[in-house]
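In case you want the letters, here they are:
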Amino acid sequence: LAVCVDGWCVCTLPTGDGQSVQMDSIKSGFVGSQVELRCIFVNSNPPVKISQVTWQKFLNGTKQNVAIANPSLGVSVLPPFKERVTFKQAAVRHRTPSLEDTTIMFSNLRLSDEAAYICEYTTFPAGNRENMVNLTVFARPQTRMTLTTPTIVARPQKRKMTVATCLSANGKPQSVIKWDTRLKGEATFQETQNANGTVTVRSNYVVVPSRETHKQKLTCIVTYNNERITDSVVLNVQYEPEVKIEGFDGNWYLDRQDVSLTCKADANPPVTVYQWKVVNGSLPSTVEILNNSLIFKGAVTYELAGTYVCAATNGIGTRTGLVQVNVTEFPNNPPPGGPEIPQEQHNAGAVIGGAMGGVVLLAAAATLLFVFLRRRQRTFKGDYSTKKQVFGNGYSKAGGLPAHPPIPNNLQYPDDSDDEKKPAQIAVTGGFDASERDFDGDAEDLKRPYFTVDEGESRDYDERTLAFQYDPETEIADDMVSQTDGSVISKKEWYV
């Protein structure tokens, strides 16, 4: 039978004479605890004489005496085990000792106590009998969780930072660290091998501090040797105010009473200063500032309309919120007892109503255009029973072209006229001068583009009446009608 520790092996050969040393093959304990290493000698019949029992520490191929029990010399425990190792059975320490059970008690275990331990019996006349146990010493880690800084500040740059550290120090074997939280962060891990064989594990939790991370719970879970150790912290994140203005319900109408605006701010630390203003204007004369509220005294007027801004300041910074206040003439509440129409239905109704209204308007416009064109084609604009003379630059709608007054013979034309003869003002017989003529600016005739006189009511016009030449126009038969587009049509064909 071979027992090996750290690559070194001790062979114990079974005997056929009935003697044996009984021990546990493996024992373990934690640093600072107590462990029992059992050693019992099974004698033969007839029994052999036990001359001495020796406990030895076997490490790296070297044996070191721990304790000796001798029937004649008594019990001896050697340094550095003298204060921590004792024989369990009191009979071993008697004047006439019983050495069949030489189990020892190891107290206040140290990491350096980890080794293989041999219990050797010296007998007569059978010789030596021994066995070995492997002792493993565990080190319970020191676990703690701490905040990186007492105060965590959320910055506008939104940079990541380590907010908490979980440490499992000097553990043997090493621990496993995990995090339990609702935060959207990440963890880093670091392991350090210590000279005494222990391992230190460190984990940092990294997150972007914000208003949402404030008061969030962060739990570190350390698993060691099937043991679960937890520790938690609650983050204290400081951040600028998050501002919103309450009080405007979209239904501020004339003569409404008791309206107000309140500046709500979520901030850590709390807001210390509130400031109100109106964009492109000043606060109404009827307003009273009370802490973080605006109290409007009296009835609502159009003066209250505008964009109100609230600035909230704490130890971290200043943020603002705004609200657009509109004042209507009448309230827009739904009828009493009637169901409130959802905004989505309002929007859908507006779209459908707008579309239907557009279709109706298009139809009406098309109808009016059609009627107008038909009337233009079928309606005769004139008087067939009366012939009229047109003076000025108009034309007669009654059929024939107007007969102009006689053109004086003393009209002169410029030599550079190419396309048409444009008359020039000249002096006439009798010393008439256009600049000396007494014009009445308010005369009704001067305001008209042309004027007509019936043949029976025509007046005499002398040569001074006209100072311009009119191009001769082609005569049109009495049964022809002049149209507004310059064409002519027969009276007979008009009604065809």
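Our subject is the structure that appears above.
Right, let's walk through the structure included here. Predicted model, so just to flag it, every value in this text is computed and none were measured.

### Re the overall build of the protein
Looking only at helices and strands, the protein has two helices and 34 strands in total. Per-residue burial over the protein gives 31% buried out of 496 residues. Carbon and sulfur atoms form 51% of the exposed surface of the protein, whose accessible area is close to 31500 Å².

### Examining the side chain of Thr219
Assignment of secondary structure puts Thr219 in strand E20 (residues 217–224). A polar atom in the side chain of Thr219 sits 2.7 Å from the side chain of Ser232. In this structure, Thr219 is in contact with Met145, Lys178, Trp179, Asp180, Thr230, Asp231 and Ser232, ignoring residues within four places of it in sequence.

### Overview of unusual backbone geometry
With an omega of 0°, the peptide bond between Lys172 and Pro173 qualifies as cis. Residue placement: Pro173 occurs in the loop between strand E16 (161–171) and strand E17 (176–181). Of the consecutive residues Asn268 and Pro269, the connecting peptide bond is found in the cis state with omega at 0°. Along the chain, Pro269 falls in the loop between strand E24 (259–268) and strand E25 (273–278). In this structure, Asn60 is a non-glycine residue whose phi angle is positive, near 55°. Classification of Asn60 by relative accessible area gives exposed; the value is 51%. Positive phi outside glycine occurs at Asp255, with the angle close to 75°. Looking at the element boundaries, Asp255 is found in the loop between strand E23 (252–253) and E24.

### Concerning the nonpolar core
By size, the foremost hydrophobic cluster in this structure holds 29 residues, and its most contacted members are Trp55, Phe106, Tyr117 and Tyr121. Per-element accounting of this core gives the leading share, four residues, to strand E12 (residues 115–124). Core analysis: the second largest hydrophobic core is formed by 21 residues, Ala267, Leu294, Cys310 and Val323 among them.

Scoring rules and cut-offs
Residues numbered from 1 in each chain as written. Predicted model: local features only at pLDDT ≥ 70, side-chain atom pairs only at ≥ 80, totals over all residues. Heavy atoms only, no water. Helix = DSSP H or I, 4+ residues; strand = E, 2+ residues; numbered from the N terminus. Buried < 20%, exposed > 50% of the residue type's maximum accessible area, 1.4 Å probe, protein only. Areas by Shrake-Rupley, 256 points an atom, 1.4 Å probe, with all protein chains shown as cover. Polar contact = N/O pair within 3.5 Å; in protein donor to acceptor, adjacent residues only side chain to side chain. Contact = heavy atoms within 4.5 Å. Core = buried A, V, L, I, M, F, W, Y, C linked by side-chain atoms within 4.5 Å.

By themselves, these are just geometric observations and shouldn't be taken as functional.
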